[in-house]
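Structural overview for review
This is what each chain is made of:
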Amino acid sequence: MMLEVRDLQISYRDQVVASVPTLDLEPGQVLGIAGESGSGKSQTALALMGLTRYANGVVTGSMVLDGRELLTLSPRQWRLVRGRDIAMILQSPRAALNPTMKLGALFSRTLRLHGMTKDQRGPRMVQALAEVVLDAEILDRYPHEISGGQAQRFAIALVAALRVKVLIADEPTSALDVTVQAEVIDVLRNLRDRHGTAIIFISHDLSVIGELADAVMVMRDGAVVEQGSAESVFNQPTQEYTRMLLAAIPVIGGRSR
Ligand SMILES: Nc1ncnc2c1ncn2[C@@H]1O[C@H](COP(=O)(O)OP(=O)(O)O)[C@@H](O)[C@H]1O
Ligand SMILES: [Mg+2]
């Protein structure tokens, strides 16, 4: 198993906001995390990125990536893992991009910080942009000069270029129009197929998760209430709560999962 999470618990001042007993991920696998707002999805993502301490929260349990325990890493060690081994994209990727830097400079700088030489960076950027179907002329623009869908694809290009092992996508399509949503899902699928990137795809919308996920975890009030293969969770949910979330999926053109 590439990523093995056991008894992960996130708390603030002794109040537990999320508990994940088991989370396993193999290369190229997509795990969908579903649940209504406030169910603990983003807190789980934050913990998997080693960022909880910056919100004054406490994480206990175990999180092993390629045989290495991450929860005991120092902030300095985490900085080497974050962005390179495990990366995250968010609902508004533009907010994470430095507004004063052109995308080309930003891209190049990110690759340099992760140890790539100048000769390696150019071809790697061109290839990654092609993979996310962005024209290289975008490198000459500032973050505010691109659309939300382009910004999301640019963020995924960084992940592709760095050969990130685990991508955590927290509501990556929730702020986008439906057609743009579908494009971003395609780009994520392509990333998984081409590089074997494992993806933790978080959404309050089970229909979006159904597009991509091999396995599904349903959270409610900080707890995992249902977990299994996408097929079993969609076709034979064991919990009333999961059935309720599934019933909320609109049936388009008379077809439903
Ligand atoms: N800094 C914090 N201190 C205390 N509680 C927090 C903090 N951040 C988030 N929470 C609580 O954690 C719970 C889960 O939030 P979150 O993971 O953001 O939910 P989701 O992403 O599923 O909508 C919420 O009840 C929220 O109030
Ligand atoms: Mg959230």
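Residues numbered from 1 in each chain as written. Chains lettered and ligands numbered in written order. Predicted model: local features only at pLDDT ≥ 70, side-chain atom pairs only at ≥ 80, totals over all residues.

Now for the overall build of the protein chain. Counting secondary structure elements, the protein chain contains ten helices and ten strands. Its C-alpha atoms give the protein chain principal-axis dimensions of roughly 55 × 50 × 30 Å. Each of the 257 residues in the protein chain was classed as buried or not, and the buried ones make up 40%. Long-range pairs, those at least 24 residues apart, make up 68% of the contacts in the protein chain between residues at least 6 apart in sequence. (Helix = DSSP H or I, 4+ residues; strand = E, 2+ residues; numbered from the N terminus. Buried ≥ 20, exposed ≤ 12 C-beta atoms within 10 Å, placed from the backbone. Contact = placed C-beta atoms within 7 Å.)

It is worth spelling out the sheet that holds strand 4 (residues 58-65) at this point. Reading across the sheet, the four strands line up as 2-1-4-5 and stay open at both edges, with antiparallel pairing between neighbours. Of all the strands in the sheet, just strand 2 (15-25) and strand 5 (68-69) have a single pairing partner and so form its edges. Pairing geometry for strand 1 (residues 3-12) and strand 2, over nine bridges, is antiparallel. Paired with Leu8 across the bridge in strand 2 is Val20. Contacts from helix 1 (residues 41-48) reach strand 1, strand 2 and strand 4, with the element oriented near 65° to strand 2. (Pairing = 2+ DSSP bridges. Axes fitted to C-alpha atoms, helices over the stretch in contact; angles between N-to-C directions.)

Now for the packing of helix 5 (residues 118-131) against helix 6 (residues 148-161). Across the interface, helix 5 lies against helix 6 with an axial gap of 8 Å and an inter-helix angle of 130°. Considered as vectors, helix 5 and helix 6 are oriented oblique to each other. Between helix 5 and helix 6 lies a crossing of right-handed hand. Facing Arg124, Met125, Ala128, Leu129 and Glu131 of helix 5, the residues of helix 6 in contact are Ala157, Ala160 and Ala161. Its residues placed into classes, the contact of helix 5 with helix 6 shows six nonpolar, no polar and two charged. (Parallel < 35°, antiparallel > 145°, perpendicular 65-115°, else oblique. Left-handed = near helix turned anticlockwise from the far one by under 90°. Nonpolar A, V, L, I, M, F, W, Y, C, P; charged D, E, K, R; others polar.)

Turning our attention to the site of ligand 1. Around ligand 1 lies a shell formed by Tyr12, Val17, Ala18, Gly35, Ser37, Gly38, Ser39, Gly40, Lys41, Ser42, Gln43 and Ala55. Breaking the shell around ligand 1 down by element, the ones donating at least two residues are strand 2 and helix 1. With three residues, helix 1 is the single largest residue contributor to the shell around ligand 1. Looking at the shell around ligand 1 residue by residue, the class counts come to four nonpolar, seven polar and one charged. (Near = placed C-beta within 6 Å.)

This part takes up the nonpolar core. For soluble globular proteins, the rule of thumb is that nonpolar side chains tend to be buried together. Of all hydrophobic cores here, the largest spans 73 residues; its most connected members are Ile156, Ala157, Val159 and Ile168. If one sorts the elements of this core by residue count, helix 6 sits on top with nine residues. Among all residues touching Val159, those that are not within four sequence positions of it are Ala87, Val164, Leu167, Leu191 and Thr197. (Core = buried A, V, L, I, M, F, W, Y, C linked by C-beta atoms within 7 Å.)

Where burial is concerned, the two faces of strand 6 (residues 86-89) agree: the one with Ile86 and Met88 and the one with Ala87 and Ile89 are both buried. Where strand 6 and strand 7 (residues 166-170) come together, four bridges link them in parallel fashion. Following the sheet pairing, Met88 is matched in strand 7 by Ile168.

An α-helix turns once per 3.6 residues; consequently, residues spaced three or four apart project the same way. Most of helix 1 is tucked away, with eight of its eight residues classed as buried. The complete set of buried residues in helix 1 reads Lys41, Ser42, Gln43, Thr44, Ala45, Leu46, Ala47 and Leu48.

A few words on the pairing of strand 1. Counting the residues between successive antiparallel strands, the hairpin from strand 1 to strand 2 contains two residues, one of them, Arg13, with a positive phi of roughly 45°. Here strand 1 runs beside strand 4; their pairing, made up of seven bridges, is antiparallel. Directly across from Glu4, in strand 4, lies its bridge partner Val64.

As summarised here, the arrangement of the six strands in space is 6-7-8-3-9-10, forming an open sheet in which the pairing is mixed. Strands with a single pairing partner mark the edges of an open sheet, and in this sheet they are strand 6 and strand 10 (223-229). When strand polarity is set aside, the average angle formed by the axes of neighbouring strands in this sheet is 15°. Across the sheet, helix 10 (residues 240-247) touches strand 3 (30-34), strand 9 (215-220) and strand 10, and the angle it forms with strand 9 is around 105°.

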